[in-house]
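Residues per chain are reported as follows:
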Amino acid sequence: MQLKKLVELKSRFVAREVDNELILVPLTNNVAQMSELFTLNETAKFIWENATDTMTIPEMEDLMTDTFNIDAATAGKDIIAFLKNIENLLKKS
Amino acid sequence: MQNCRYSFNLGIADYTIRLLSDSEIKLEEGYLPFVIPESIQVPDFTIECLTEINTAQFEAGDLVFEAKNDKQRFYSIYSIGSELGFVVYNQQKEDEIQQVALLDRTFTHWKVWSEIIENAIIPLKYPLGPIIMHYITLKTSAVMMHASAAFDGNNARLFTGFSGVGKSTISRLMADAGNQIINDDRIIIRNIDSSYFVYNTPMYYADKPKKALLKSVFLISHSPENKIKKLSGATAISKVMAFCIQNNFDKQFIQNRLTFFGELCKTVSIFELGFVPNEQVVHFIKEHDV
């Protein structure tokens, strides 16, 4: 999944910030039960809030390395893991 | 429907629900203890009970939600203008419609259509009764959860988790230790003046209405040893909210729930509890939930 897709999928969630973390609840048309909802830590929240439909993953890596004390490889792993989690969450809902 | 032949009130979770009908109404056994005397007070919610099921009014609506599994449909919800329409299926006969209902945009007035059986209608027949309870909580600062709750004479502790994690087992252990069980399956939590109260709701069996102040919530699972962890913030909210009864097709419903649980988790302690199913867990809970 690319960041453009993430931006498209945002409308399928309701987000609420609590103590610098973000809770995501997917909109759903059935009774799928989740063991827990999705909470985003600081870096995942950053990706969620800063992704645009024209941004590439390397551009997001640059933005993250400028903001957090992490290298590009770590940022890249965080981005891929986050996008995969979002995909999985929507599959369950 | 101002001059109905039949009219009576139910008091559930401190809500007054008035049922009105021109046909004789039958209640399932579990509702009987919740019947309260007619009074002049304006009810919080009304349910107009009608006969002759007709689904034509739903044809112009949009299907927004379906409660179903691989084997059967339980109910479908349609958006019809500013109202919500409910089609409830017979669980014994595939695709046979048991009842239909319409909820107005204020979420306070229902119309329920049922077939007359043996000269009477059963407007709150399962599962429509609990569905109506759920939508009552959506209108107010309340939620309905799959949970058990035990009252120790001062406060209530609520236990929740997936089916089979031990809600009934822990209820039995708490009861053996002298606690009153509010219910071991379906609980309403209400915020009243910043305090949280748990209530039982009508079940398939008769039980008197119960209410208690909520002290703590336990997300339970079986474990080789008793272990407990206190949760807070987003983790607490997201884990507890996962076990409330949800029809998450509407953003406003979800926002209301997030607001409710955000406030609840500031007031009520939230724990993850892994437990061994014996009486030791009752002492373990009391030691840690102080």
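Here the structure is a predicted model, which is why all the values come from computation and not from measurement.

A count of helices and strands for chain A gives 4 helices and 3 strands. Counting from the amino terminus, chain A carries its helices and strands in the arrangement α-β-β-β-α-α-α. Taken over the C-alpha trace, chain A has a radius of gyration of 13 Å; the compact-globule value for 93 residues is 12 Å, and the two agree within 12%. In terms of overall dimensions, chain A has C-alpha extents of about 40 × 30 × 20 Å along its principal axes. Within the span of chain A, comprising 93 residues, buried residues form 42% of the whole. Total accessible area on chain A stands at roughly 4900 Å², and carbon and sulfur atoms take up 45% of it.

Before going further, it helps to examine the interface of chain A and chain B. Taken together, the contact pairs 22 residues of chain A with 23 residues of chain B. Approximately 2000 Å² of surface area, both sides summed, lies buried where chain A meets chain B, with 65% of it carried by carbon and sulfur atoms. Counting every contact that joins chain A to chain B gives 0 salt bridges. Remark: the boundary between chain A and chain B carries 5 residue pairs in polar contact (both at pLDDT 80 or more).

Using the criterion set out here, one finds 19 aromatic pairs over all chains in the structure. Taken together, a centroid distance of 5.2 Å and an interplanar angle of 80° make the contact between phenylalanine 46 of chain A and phenylalanine 68 of chain A edge-to-face. Taken as a pair, phenylalanine 46 of chain A in helix H2 (residues 42–50) and phenylalanine 68 of chain A in the loop between helix H3 (57–67) and helix H4 (72–92) lie far apart in primary sequence, 22 residues in all. Each ring, one from tryptophan 110 of chain B and one from tyrosine 135 of chain B, has its centre 6.3 Å from the other, and the planes form 80°; the classification is edge-to-face. Pair noted here: tryptophan 110 of chain B is in strand E9 (residues 109–114) and tyrosine 135 of chain B is in helix H1 (residues 128–139), with a separation of 25 residues, a long-range link. Linked through ring pairs, Phe65, Tyr75, Phe86, Phe107, Trp110, Tyr135, Phe249 and Phe253 of chain B together constitute an aromatic cluster. Directly above the ring of phenylalanine 197 of chain B sits lysine 211 of chain B, whose terminal nitrogen or CZ lies 4.8 Å from the centroid.

Residue and element names in this part refer to chain B. Axis separation between helix H3 (residues 233–241) and helix H4 (residues 251–267) bottoms out at 9 Å; the angle between their running directions is 120°. If you check the angle between H3 and H4, you find them oblique. Considering only the axes of H3 and H4, their crossing is right-handed. Between H3, through Ala236, Ile237, Val240 and Met241, and H4, the contact on the second element is made entirely by Ile254, Arg257, Leu258, Phe261, Gly262 and Cys265. When the residues that make up the contact of H3 with H4 are grouped by side-chain class, the tally is 8 nonpolar, 1 polar and 1 charged.

Residues and elements named next belong to chain B. For the structure on display, the rule yields 13 salt bridges over all chains. Of the charged contacts, one joins glutamate 118 and lysine 26 as a salt bridge, the two residues approaching to 3.7 Å between their closest N and O atoms. Here glutamate 118 is found in the loop between E9 and H1, whereas its partner lysine 26 is found in the loop between strand E2 (15–21) and strand E3 (35–36), with 92 residues between them in sequence. When its relative accessible area of 36% is taken as the criterion, lysine 26 is described as partly exposed. Connected through salt bridges with shared partners, the residues Asp152, Arg157, Lys215 and Asp289 form a single ionic network.

With that settled, the discussion passes to the pairing of strand E13 (residues 186–192) of chain B. Residue and element names in this part refer to chain B. Where burial is concerned, most of E13 is hidden: 5 out of the 7 residues are buried. Sheet topology note: the strand E10 (residues 142–151)/E13 ladder contains 5 bridges and is antiparallel. Paired with valine 143 across the two strands is isoleucine 189, which belongs to E13.

Take the confidence of the model for chain B next. On average, residues of chain B score 93 in pLDDT, and 99% of them are at 70 or above. For this predicted complex, the interface confidence reaches an ipTM of 0.82, while the overall pTM sits at 0.91.

Turning our attention to the sheet that holds strand E1 (residues 6–12) of chain B. All names here are of chain B. Pairing is mixed in the open sheet, where 9 strands are placed in the order E3-E1-E2-E4-E9-E8-E7-E6-E5. Two strands in the sheet have a free side with no partner beyond their single neighbour: E3 and strand E5 (62–68). Both E5 and strand E6 (residues 73–80) contribute to a ladder of 6 bridges, which runs antiparallel. Considered in E6, the bridge of lysine 68 is made with arginine 73. Its contacts with the sheet put H1 on E1, E2, strand E4 (45–51), E6, strand E7 (83–89), strand E8 (97–103) and E9, and the angle it makes with E7 is roughly 155°.

So, about the environment of alanine 75 of chain A. Residue and element names in this part refer to chain A. Inspection of the secondary structure assignment puts alanine 75 in helix H4. Of the residues examined, alanine 75 reaches a relative accessible area of 0% and is grouped as buried. For the pair alanine 75 and glutamine 2, spaced 73 residues apart in sequence, the C-alpha to C-alpha distance is 15 Å. Residues in contact with alanine 75, not counting those within four places in the same chain, are Glu61, Met64, Thr65 and Ile70.

Procedures and definitions
- In every chain, residue numbers begin from 1 and rise along the written sequence.
- Here every chain gets a letter starting at A, and every ligand a number starting at 1, in the order they are written.
- Given that this is a predicted model, residues contribute local features only at a pLDDT of at least 70 and side-chain atom pairs are listed and counted only at 80 or more, while totals for whole chains, interfaces and linings are drawn from all residues.
- With hydrogens and water excluded, all non-hydrogen atoms of the structure serve as input to the side-chain values.
- The helix count covers DSSP runs of H or I at least four residues long, the strand count covers runs of E at least two residues long, and both are numbered beginning at the N terminus.
- Every radius of gyration here is taken over C-alpha atoms, with the globule rule written as 2.2 Å times N^0.38, N being the number of residues.
- Note on exposure labels: buried denotes an accessible area under 20% of the residue type's maximum, exposed denotes more than 50%, and partly exposed covers the range between, all computed with a 1.4 Å probe on protein chains only.
- Using the Shrake-Rupley algorithm and a 1.4 Å probe, accessible areas are obtained, with residue cover drawn only from the displayed protein chains.
- Between two residues, a contact is recorded if the distance between any of their heavy atoms is within 4.5 Å.
- Buried area: the accessible area, evaluated with a 1.4 Å probe, that two parts lose upon being put together, summed over both parts.
- A carboxyl oxygen of Asp or Glu within 4 Å of a side-chain nitrogen of Lys or Arg is what we treat as a salt bridge.
- As used in this structure description, the phrase polar contact means that two N or O atoms lie within 3.5 Å; if the pair is within protein, one of them must be able to donate a hydrogen and the other to accept it, and residues adjacent in sequence are counted only when both atoms belong to side chains.
- When the centres of two rings from Phe, Tyr and Trp lie within 6.5 Å, Trp using its six-membered ring, the rings pair. Their planes under 30 degrees apart give stacked, over 60 give edge-to-face, and anything left gives tilted.
- Charge-over-ring placement is defined geometrically: NZ (Lys) or CZ (Arg) within 6 Å of the ring centre, and within 35 degrees of the ring normal.
- Axes here refer to lines fitted to C-alpha atoms; in helices the fit is confined to the stretch in contact. Angles between the N-to-C directions go from 0 to 180 degrees.
- In what follows, roughly perpendicular refers to angles from 65 to 115 degrees, roughly parallel to angles under 35, roughly antiparallel to angles over 145, and oblique to any angle outside these ranges.
- For any pair of crossing helices, the crossing counts as left-handed if the nearer helix is rotated counterclockwise from the farther one by less than a right angle, and right-handed if it is rotated clockwise.
- Note that Gly is not counted as nonpolar here; it falls among the polar residues with everything else outside the nonpolar set of Ala, Val, Leu, Ile, Met, Phe, Trp, Tyr, Cys and Pro and the charged set of Asp, Glu, Lys and Arg.
- A pair of strands is considered paired only if DSSP assigns at least 2 bridges between the two.
- Residue-level confidence of the predictor, termed pLDDT, takes values from 0 up to 100.

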